[in-house]
Amino acid sequence: RKVIMADDKDVLRDVWFGRIPACFTLSPEETTEREAEPYYLLLPRVSYLTLVTDKVKKHFLRVMKTEDVEEMWFEYEGTPLKWHYPIGVLFDLHASNTALPWNVTVHFKNFPERDLLHCSSNSVIEAHFMSCIKEADALKHKSQVINDMQKKDHKQLWMGLQNDKFDQFWAMNRKLMEYPTEEGGFRYIPFRIYQTTSDRPFIQKLFRPVSPEGHTLTLGDLLKELFPAAICAEDEPKRFQVMIHGIEPLLETPIQWLSEHLSHPDNFLHISIIPAPSD
Amino acid sequence: MPSSLLWAVDVYGRVYSLSTAGQQWEHCRDAHLEFKRVTAVQQCCWSIACDHNIYLYVHASEVPIRYQEETYENQRWNPVDGFSDRLLPSDRWQWSDITGLKHQPLGDFQLPSENWEWEADWYIDENFGGEPTEKGGWTYAIDFPATYTKDKKWNSCVRRRRWIRYRRYKAQDTWVKIPSEQTESLPDPFNDITCGGWEITEEPRGCLALWAVSLQGKVWFRCDINHHNPEGSVWEEVPVPGEVVQISCGPGDLVWAVLWEGHLLVREGVGRDCLKGSSWVTVESPSPGVGVVHVAVGVNVVWAVTKDHKVWFRRGVNSHNPCGSGWIGMVGEMVMINVGLSDQVWAIGFEDRAVYFRQGVTASELSGKAWKVVSVPRDSERSHSSASASSLQSAGCFFGGEVRLQSQASMLSDADAETERAGGEVVPTPEIGDAPKPRIPKVTSDKLEDRASPAQVLSPSQSGGVDPQWSNVDLEEAQTHLTSGPGGDAAETSSLSSVATYNLALEEPYGLDEPPKWAWVSGGGCLVECHTQLNWFNSSTSTALNSSMQAMSLSITPAQTAAWRKQIFEQLSERSKREMENFMHYEQAIEQSVWVKKGTMQWWRDWKPHKWVDVQFALEQFSGVEGNKDGILFIYYTFNDEKKYLHMFINEVTILVPVLNDSKHTFAIYTAERTKQRWPMRLAAATELEMHDWLALLSVSCCDSRGIQGPPSKQAIWSVTCKGDIFVSEPTKELEASPYPTPCAQISLGVVWGIGYDHTAWVHTGGYGGGFFQGLASSTDNIYTQTDVKSVYIYENQRWNPVTGYTNRGLPTDRYMWSNASGLKECTKNNTKPPSPNWTWVSDWTIDYAVPGGTDREGWQYAADFPASYHGNKTLKDFVRRRRWARKCKLTTTGPWQEVPPIPLSDITILPLRAKGSVSAQNPAGDCWYHIPSPTGQKLKQVSVGRTSVYTVDENGNLWYRHGVTPSYPQGSSWEHISNNVRKVSVGPLDQVWVIADKVQGSHSLSCGTVCRRLGVLPMEPKGHSWDYGIGGGWDHITVRGNAMEAPRIVMPSLTDNQTATRPLQTSNQPEMNGNPVGC
């Protein structure tokens, strides 16, 4: 039993410390005084682009005139990257199965108002992050846990993420992951399903971890209900990859376990569904 | 629901109990004994100690256990003597029981055991059938046995009266040995014991069934245990068809026993008329080939543990079918299991030896849901605990509105200490020093199969003649002894005691902080309702930082090696390899903290038992996103072998205070939250230098995180600690420590005055830093060298004797011949040190002639006895004398203070302090003086004047408010007592009232010098209504004069004009402060 316990905790660490190597290049549309070197950075999968790219900004500002600088935004192969999705989700959704590092283009002009939210300061990210956590807890515990926390506890969650402090974050987040034993799981699983092939930002519905008959529901059960196309018969060729944190969990994985261990710090299980590579 | 107790024995044989309302194991302080087994019911707990005697612990209850003994005195009438004790030969005895059949003279009554005592002597019962009798209590009849009447009739030939005596069971709340009967039928010591049966019958009250198993496998039943006879009377053997190793008896009629072979026996026929039952039935072990080693029964449940540590639940057990119908295997590996009240289940884990509670056991689901580990700390060092949880909540209860003289006040605090102690022990405190060795009672067996037949197990006398040390046969030491026993039988003999060979003796002895390893648990007295919440499953008792310091304990999923889990582990490690392995040279996006300072320190633990524990201390400072510096303090500690930490955000720190402590260099860190809880974080550095380094660093980083720079503003609040450090608090900002030792400071209109111990006045230069801030960013401009001188006093004491006159030979009861003023502490010339390492001696010891009361030419003062009032000339009645020695010491430090040519000022400033018996207040213009009588019998020592109100403090710490002070009648009319235990008062320009109070509860260790603010002060009600308690600990002076809260820029309009000159005089020696609550 001890062994399993340790392993499960390791999953949390692996998830938290997941990094994506990225190469930031300044968009050729930007006017610079001299040539801008690309900037290489290890991005935390669970964080947000605008939260961890101060250095990128500083790096490129050095070669630019102040009057040419507006709000910084990122793009990958023509797709503006939504900062309010976790970095890992952006990568899995748009760039899995591509060569590393991840080539991200940096813009300081022509902010794509239709695609992206503005992010003027970190407090905007904090507000977004906290509202996600609150929404997740509304689903999990009718908001009881998050409402019982003090303001400083909320701050601890945010500071943990902002400063990449696993222990600090989890010391608080574990409370959000508790549930009454007799219920076998959360009230509803906070999850979002992303797909590249749709205009819909994501799919999100109420889904319980345990069936009315008392059966533990799995990732497969969730997909069957919300994205049946992702499940293929044995003889069919695989059409979609179901990615969470860059891995493809088996469909029989209990959804409750996934929610507890593979959720992002915002307490949502972000599932990316991408077309399977056709080798 | 009243609380009840869970009992457990650790591997050292120490007995602990855990209250359902409690949060820690309380060591049962009878520790001259180590125990092997305990079995508890609500009213008592039985146990087998390592001396193999049976012990009983009866809980004290409101109803005493008393028993009425009675005997009858019988007399017969004869014509010669009248009624006399001369009876006929056919009559009963002169002293008999009620039936007359048993001879029982008064002298034959013995106390059943030494645990009883007589309440009083025999007396005659003068009541008969509820009515009073004639004097003497006699009742009359024609003959024995007959109907007795209280009236003597013509035909009354016999009479009798009843004598009564009560005995009381005195051994409550303590372990008492049950006298062992050295009868032939009881040759071998007991090995297991179980108590239950209280639900079977109500008559007699408190009737219990107690079963025991001897080392030879025999089963015994203790007769006649009930309320009036808690110890029972005799052991009766109950024949068994095999050899029993363990037995369990439930609250009702269930009794199960484990046989040597691993099968089980079930007792049948247990009932109201026959607590012992009538016959045994065998039940097979749940798993063929793997015998049962332990069984536990409740009302409707049976749990068992097999040799392979598996746990089993018996289905279908009830009163009518005590054997049940089948076994169900349960999760978990346990060594023993116990069923308590309402069929709740307790167990001890095989691997970790922790106590587990079965969660979710309800009447409808008796098998429960999951094991939950009981992880509360032990009270191993109770003597260290200072503040009880309850006292934390009632701040300020010694700080109220009642006039109290000094002596009373100190008595009160003594009494308080007394009651705290009284709750504890009945038994003399054991020596805690030598920790007992671990002893693992053998509850598992690896040798069951090795045994050829039970018949081979012979009693020692049969097998060899050499006494194989019964007394320890169950314990580890005995193993070694036995193996070295006679010949080839040794190995066989070593498995004698039924279950054997679990060997943990070689393990390191466990320290107190390590998780306890338990050997036995008994929940028979422990009432856990299935819906109630217990505090047992969170190891930390501090509620505030609870969350942040808990180590992670994530929900555990049942042991599975499911494919999906394996897949996730594998994929995650593949992912890490793929995405990170070749890119480790990339820069991390999130910079870890800019820099970290680490060190070792000691930390006063937040929860019981409070004690200093070694911790790693680290300050991580990082640049916040918006450019401001911020920091987190980490304290890494080890608890129960687990590494844990707690942390504090620097921007939440409200104050850093060095705490005066004789033996350690300690300081306290407060946050708003911790102030509220009256529990600062207390730390001790190894050296003074280290402490100052840390304080300076922390202080600077606190200032950094709040953007405070430069000198304090005019609105700042100033205060001084007992050590003389001055603190400045910017309203809404941070307290910054500024190191200058001075007993008081005052502020007016941006000019800050301080007075040193040598009565030199210092003026604040507008700089900041200095002292331990040296080398840090401080302004060098206005920092000056400061010196201060004060005297240290010690007393030489002598007693007169007829032979040699006054000598330094005192009575044994006398004080030290060299002591401090109180005589309680020895202070010799050599061992007396300057107040802190910053001070150095600048003179040698000299006799001090300037002592209040006067001295003779050699400096002696005389008195009749210690301690008494001393006078300067010797009289005939004087038998002791003392004289005071003084030695000057000097402090040199740096700070933003400059010496002022002082003479006139310093004279004036100390004036109020010297004004005894009266107080002078003056009107703001300072044009004349009024003499105002002080409150009855109290010598005033301090006065503080606000805009319209006047407060004084007397020598006994009472705070007085002057009534009727008006601009036209500044002297006021009368005194009103506001509060006691006040050390200093300061009234602000807006009549804000701040005091330094002592004995504010909840900060025991720092109880003197708490900053308090008067609430409810309004223009029409200048004396306010109650106190708001501020930061506990170590404050000496406060000044609130500089700051007007309502409008900082419009300062004291009426006072500014003519005040500047007179102000120092008026406010002198009134340490005061203004404006906001300090650090709240």
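What counts, and at which threshold
Residues numbered from 1 in each chain as written. Chains lettered and ligands numbered in written order. Predicted model: local features only at pLDDT ≥ 70, side-chain atom pairs only at ≥ 80, totals over all residues. Heavy atoms only, no water. Buried < 20%, exposed > 50% of the residue type's maximum accessible area, 1.4 Å probe, protein only. Helix = DSSP H or I, 4+ residues; strand = E, 2+ residues; numbered from the N terminus. 1 Å grid on protein atoms, 1.4 Å probe; cavity = no way out; pocket = protein on both sides within 12 Å on 5 of 7 lines; lining within 4 Å. Points joined across faces, edges and corners; volume = space filled by probe spheres on them. Nonpolar A, V, L, I, M, F, W, Y, C, P; charged D, E, K, R; others polar. UniProt positions renumbered as here; feature names shortened; annotations may be inferred. pLDDT = per-residue confidence, 0-100. Contact = heavy atoms within 4.5 Å. Phe/Tyr/Trp six-rings, centres within 6.5 Å; stacked < 30°, edge-to-face > 60°. Lys NZ or Arg CZ within 6 Å of the ring centre and 35° of its normal. Core = buried A, V, L, I, M, F, W, Y, C linked by side-chain atoms within 4.5 Å. Pairing = 2+ DSSP bridges. Axes fitted to C-alpha atoms, helices over the stretch in contact; angles between N-to-C directions. Salt bridge = Lys/Arg side-chain N within 4 Å of Asp/Glu carboxyl O. Polar contact = N/O pair within 3.5 Å; in protein donor to acceptor, adjacent residues only side chain to side chain.

Caption draft 1: Here's a closer look at helix 3 (residues 87–95) of chain A. Burial of helix 3 of chain A is extensive: 8 of the 9 residues sit out of reach of the surface. Following helix 3 of chain A by one or two positions, Asn97 of chain A adopts a phi angle in the positive range, close to 65°.

Caption draft 2: Inspection of empty space enclosed by the protein at higher detail. Residue and element names in this part refer to chain B. Throughout the structure, instances matching the rule amount to 12 cavities of 30 Å³ or more. For the largest cavity, the calculated volume is near 200 Å³. Around the largest cavity, the lining comprises 27 residues; the ones closest to its centre are Thr39, Thr194, Ser248, Cys249 and Asn338. Only strand 4 (35–40), strand 17 (190–196), strand 21 (244–249), strand 25 (292–297), strand 28 (326–339) and strand 32 (518–522) provide two or more residues apiece to the lining of the largest cavity. When the residues that make up the lining of the largest cavity are grouped by side-chain class, the tally is 16 nonpolar, 10 polar and 1 charged.

Caption draft 3: Expanded view of the UniProt feature "domain: Peroxin/Ferlin" (unreviewed entry) in chain B. UniProt records the feature "domain: Peroxin/Ferlin" (unreviewed entry) at residues 64–125, 137–170, 787–848 and 859–892 of chain B, using the numbering of this structure. Secondary structure content for residues 137–170 of chain B is 0% helix and 44% strand, and the end C-alpha separation is 30 Å.

Caption draft 4: Main features of the confidence of the model for chain B. Residue and element names in this part refer to chain B. Of the residues in chain B, 62% have a pLDDT of 70 or more, and the chain-wide mean is 68. Residue range residues 538–560 is modelled with pLDDT below 50. Its contacts to residues more than four positions away, or to other chains, number 60 contacts. When the criterion is pLDDT under 50, residues 720–726 qualifies, and its contacts beyond four places in sequence or with other chains add up to 40 contacts. Under the prediction, the complex receives an ipTM of 0.92, its pTM being 0.39.

Caption draft 5: Expanded view of the packing of aromatic side chains. Overall, the coordinates contain 47 aromatic pairs over all chains when judged by the stated rule. Through pairs of rings, three or more aromatic residues link up here, namely Trp16, Phe17, Phe166, Phe169 and Trp170 of chain A. The ring of Trp860 of chain B has Arg881 of chain B sitting right over it, with the charged end atom 4.0 Å from the ring centre. The positively charged end of Arg884 of chain B is found above the aromatic ring belonging to Tyr793 of chain B, 3.7 Å away from the centroid.

Caption draft 6: Just the nonpolar core, in detail. By size, the foremost hydrophobic cluster in this structure holds 85 residues, and its most contacted members are Phe24, Leu43 and Trp102 of chain A. Ranked by the residues each element gives to this core, the list is headed by helix 3 of chain A, at 6 residues. Residues in contact with Phe24 of chain A, not counting those within four places in the same chain, are Pro38, Tyr39, Leu41, Leu43, Leu49, Thr53, Val56, Phe60, Phe74, Val104 and Val106 of chain A. Counting 32 residues, the second-largest nonpolar core is a separate cluster that includes Leu18, Met336, Cys526 and Val528 of chain B.

Caption draft 7: Structural detail: the environment of Arg205 of chain B. Residue and element names in this part refer to chain B. Mapped onto the elements of the fold, Arg205 is located in the loop between strand 17 and strand 18 (208–214). Residues Arg205 and Asn229, spaced 24 residues apart in sequence, show a C-alpha to C-alpha distance of 9.9 Å. When residues no more than four places from it in sequence are discounted, the contact partners of Arg205 are Val63, Asn226 and His227.

Caption draft 8: Looking closely at the sheet that holds strand 32 of chain B. Residue and element names in this part refer to chain B. In space, the 4 strands of this open sheet follow the order 3-2-1-32, with antiparallel pairing throughout. If you trace the sheet from one side to the other, it starts and ends with strand 3 (26–27) and strand 32, each paired once. Relative to strand 2 (residues 15–19), strand 1 (residues 5–10) is paired through 5 bridges, and the arrangement is antiparallel. When the bridges of strand 2 are listed, Trp7 appears paired with Ser17.

Caption draft 9: Focus on the sheet that holds strand 18 of chain B. All names here are of chain B. Spatially, 17-18-19-20 is the arrangement adopted by the 4 strands of the open sheet, whose pairing is antiparallel. Here the strands that pair on one side only, and so sit at the sheet edges, are strand 17 and strand 20 (235–238). Sheet twist, expressed as the mean angle between neighbouring strand axes with direction ignored, is 25°. Pairing analysis gives 4 bridges linking strand 19 (residues 219–225) to strand 20, with the strands arranged antiparallel. If you follow Trp220 over to strand 20, its bridge partner there is Glu237.

Caption draft 10: Quick peek at the packing of helix 4 (residues 122–141) of chain A against helix 7 (residues 166–176) of chain A. Residues and elements named next belong to chain A. Between helix 4 and helix 7, the least distance of the axes is 11 Å, while the angle of their chain directions is 35°. Residue-level contacts link Phe129, Ile133, Asp137, Lys140 and His141 of helix 4 to Phe169, Lys175 and Leu176 of helix 7. Its residues assigned to classes, the contact of helix 4 with helix 7 shows 4 nonpolar, 1 polar and 3 charged.

Caption draft 11: The arrangement of the pairing of strand 58 (residues 950–954) of chain B in detail. All names here are of chain B. Most of strand 58 is tucked away: 5 of the 5 residues are buried. Residues Val950, Thr952 and Asp954 point to one face of strand 58 and Tyr951 and Val953 to the other, with burial holding for every one of them. The pairing of strand 58 with strand 59 (residues 959–963) spans 3 bridges and is classified as antiparallel. Bridged to Val953 within strand 59 is Leu959. Between the antiparallel neighbours strand 58 and strand 59 lie 4 residues, among them Gly957 with a positive phi of about 80°.

Caption draft 12: Spotlight on the interface of chain B and chain A. At the junction of the two partners, chain B supplies 50 residues and chain A supplies 65 residues. Connecting chain B to chain A are 2 salt bridges. Between Lys55 of chain A and Glu587 of chain B there is a salt bridge whose closest N-O contact spans 2.9 Å. Linking chain B to chain A there are 14 residue pairs in polar contact (both at pLDDT 80 or more). Secondary-structure elements contributing two or more residues to the side of chain B that touches chain A are strand 30 (355–359), helix 6 (546–549), helix 7 (563–580), strand 33 (587–588), strand 35 (612–623), strand 36 (629–639) and strand 37 (642–649) of chain B. Per-element tally for the side of chain B that touches chain A: the top contributor is helix 7 of chain B, with 12 residues. Here the side of chain B that touches chain A is composed, by residue class, of 23 nonpolar, 15 polar and 12 charged. For strand 2 (residues 39–44) of chain A and strand 33 of chain B, the ladder comprises 2 bridges, and the chain directions are parallel. Note on strand 33 of chain B: the bridge partner recorded for Leu41 of chain A is Glu587 of chain B.

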